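Per-entry structural report
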Amino acid sequence: MSLFLPNNLSRMLAISGLCIVYATVQAWAFGWLVSFPFLQLMLDGMVNGLCLTALSYLLWKVIKYGNFETLEFYQRLINYAALGLLSIAIWTGLCYLSAYSIFDPDKWSEAISMLPLKAFIALLIYLLMIQLFRMGLAVAGVESQRQTEEETEEEIAGMDNHRTEEIEMLERIVVKSGQKIDVIRVAEIVYFQAEGDYVRIFTDSGKYLKEETMKYFQSHLPDGQFIRVHRSYLVNTSKILRIELYEKQNQLLTLSNGDKIKISASGYKRLREKLGL
């Protein structure tokens, strides 16, 4: 437990410092507009700052685990707008409760008059936090993608070395589901998708779940026909209908069964080399 104390202590000190700074700025700003004592305004600002910290933490969790950045632009815009309205409403409500418990009842109208300006401040802070959160997620995403691509490159390099040995290539794959057994010809497969200890096999007519690893299929399928375009996807190049730019530098494959999958930068490079693009 003692190993975590310095880190937690530094966080607490940082939060306390931010709350004090926010409270001082808010007290100074509102001191020109209302007749409340400076210390009362400071106390109100401290409470507002603590509420802001808690709200920021919740916003970070919602944005991080809600995968907002993977949505289409308009859907993402709607989600951020709805989240902003909810955040401002919660913030304003907490400010109302804070003012009710701190300021004198006979000056309640002055306390209420501060709420619209506080709501506007909440809007500005929300917009700033969203940009900071998106920047943080982008940096984390680039680092995660880099590590994933390095791991995939090592795995594929190992597969290439392994291919120097005599390995019998698959012509068909047998999938058993309950009492039913399906025999899938390799030429009919559109792509494979890794799902933990299983691999999902997609064809033009349906999809099947096979208890096997992506590594196994990659080593037992023709390298020129099936290409690892992502850590989770192994694609039949003859089933690719279109390659297009997705957002900034990501590529999107449209396949013969109508599915669209994103590919990594290294996967796109590998695909271009194999296809001679």
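As shown above, the structure is provided for reference.
All of the points below concern the structure found in this document. (Residues numbered from 1 in each chain as written. Predicted model: local features only at pLDDT ≥ 70, side-chain atom pairs only at ≥ 80, totals over all residues. Heavy atoms only, no water.)

1. Concerning the environment of Phe 226
Put simply, the rule reads: Secondary structure elements follow DSSP: runs of H or I no shorter than four residues count as helices, runs of E no shorter than two count as strands, and numbering proceeds from the N terminus. Whether two residues touch is decided by their heavy atoms; if any such pair falls within 4.5 Å, the residues are in contact.
With respect to the element layout, Phe 226 can be found in strand β6 (residues 226-230). Taking C-alpha positions, Phe 226 is 8.2 Å from Tyr 191, a pair spaced 35 residues apart along the chain. Apart from the residues within four sequence positions on either side, Phe 226 is in contact with Val 186, Ile 189, Phe 192, Leu 221, Leu 234, Val 235 and Asn 236.

2. Concerning the pattern of salt bridges
What counts is decided by this rule: Definition used for salt bridges: Asp or Glu carboxyl oxygen within 4 Å of a side-chain nitrogen of Lys or Arg. Each residue gets one of three labels from its accessible area relative to the maximum for its type: buried under 20%, exposed over 50%, partly exposed in between, using a 1.4 Å probe on protein chains only.
Tallied over the full model, the rule gives six salt bridges. Residue Asp 44 pairs with Lys 118 through a salt bridge whose shortest N-O separation is 2.6 Å. Separated by 74 residues along the polypeptide, Asp 44 in helix α2 (residues 38-65) and Lys 118 in helix α5 (residues 115-162) bring together distant segments of the chain. Taken individually, Asp 44 and Lys 118 each receive the classification buried, so the pair is uniform in this respect. One salt bridge connects Glu 188 with Arg 185, and the closest N-O pair in it is separated by 3.7 Å.

3. Some thoughts on the sheet that holds strand β10 (residues 260-263)
Let me state the cut-off plainly: Two strands qualify as a pair provided DSSP detects at least 2 bridges between them. Axis lines are fitted to C-alpha atoms, over the contacting stretch for helices. Their N-to-C directions set the angle, which ranges from 0 to 180 degrees.
The sheet built from three strands is open, its strands ordered β8-β9-β10 with antiparallel pairing. Each having just a single partner strand, β8 (240-246) and β10 make up the two edges of the open sheet. Averaged over all adjacent pairs, the angle separating strand axes in this sheet is 30°, with direction ignored.

4. Focus: a nonpolar patch on the surface
The test is simple: Patch rule: a residue counts if its relative accessible area is over 30% and it has no salt bridge; like charges are joined within 9 Å, and nonpolar side chains (Val, Leu, Ile, Met, Phe, Trp, Tyr) within 5 Å. Residue burial considers only the protein chains on display, and all accessible areas are found by Shrake-Rupley using a 1.4 Å probe.
On the surface, a nonpolar cluster with roughly 1,100 Å² of combined accessible area is contributed by Trp 28, Trp 32, Leu 33, Phe 38, Leu 39, Leu 117, Phe 120, Leu 123, Leu 124 and Leu 127. Ranked by the residues each element gives to the nonpolar patch, the list is headed by α5, at five residues. With respect to the element layout, Leu 123 can be found in helix α5. Residue classification places Leu 123 among the partly exposed positions, given a relative accessible area of 33%.

5. A short note on the nonpolar core
Rules: To qualify as a nonpolar core, a set must consist of buried Ala, Val, Leu, Ile, Met, Phe, Trp, Tyr and Cys residues joined through side-chain atoms within 4.5 Å.
By size, the foremost hydrophobic cluster in this structure holds 18 residues, and its most contacted members are Leu 59, Ile 63, Trp 91, Tyr 126 and Met 129. Of all the secondary structure elements, the ones that give two or more residues to this core are α2, α3 (73-102) and α5. A per-element tally of this core places α5 first, with eight residues. With residues up to four places along the chain from it excluded, the contact list for Trp 91 reads Tyr 22, Asn 48, Leu 52, Leu 55, Lys 118, Ala 119 and Ala 122.

6. Focus on the packing of α2 against α3
Axes are the key here: two packed helices are described by the angle between their axes and the distance separating the axes. Filter applied, for reference: Angle categories are assigned with fixed cut-offs, so that under 35 degrees is roughly parallel, over 145 is roughly antiparallel, 65 to 115 is roughly perpendicular, and the rest are oblique. Rotating anticlockwise by less than a right angle from the far helix to the near helix defines a left-handed crossing, while the corresponding clockwise rotation defines a right-handed one. By the convention adopted, Pro, Cys, Tyr, Trp, Phe, Met, Ile, Leu, Val and Ala count as nonpolar, Lys, Arg, Asp and Glu as charged, and the other residues, Gly among them, as polar.
Interaxial distance between α2 and α3 falls to 10 Å at its minimum, and their mutual angle equals 155°. The angle between α2 and α3 places the two elements in the roughly antiparallel class. Note on packing geometry: the crossing formed by α2 with α3 is right-handed. Judged by residue contacts, Gln 40, Leu 43, Asp 44, Val 47, Asn 48, Cys 51, Leu 52, Leu 55, Leu 59, Val 62 and Ile 63 of α2 engage Tyr 80, Leu 83, Ser 87, Ile 90, Trp 91, Leu 94, Cys 95, Ser 98, Ala 99 and Ile 102 from α3. Within the contact of α2 with α3, the residues separate by chemical class into 16 nonpolar, four polar and one charged.

7. Let's talk about the pairing of β6
For β6, the tally of buried residues reaches four of five residues, placing the bulk of the element in the interior. Across four bridges, β6 lies against strand β7 (residues 233-236) in antiparallel orientation. Directly across from His 230, in β7, lies its bridge partner Tyr 233. Joining the antiparallel neighbours β6 and β7 is a turn of two residues.

8. Here's the deal with α3
Where we set the bar: One less than the number of residues in a helix, times 1.5 Å, gives the span that helix is expected to have.
Its 30 residues give α3 an end-to-end C-alpha distance of 43 Å, which sits within 8% of 44 Å, the value for a rise of 1.5 Å per residue. All of the buried residues in α3 are Arg 76, Tyr 80, Leu 83, Gly 84, Ser 87, Ile 88, Trp 91, Cys 95, Ser 98, Ala 99 and Ile 102.

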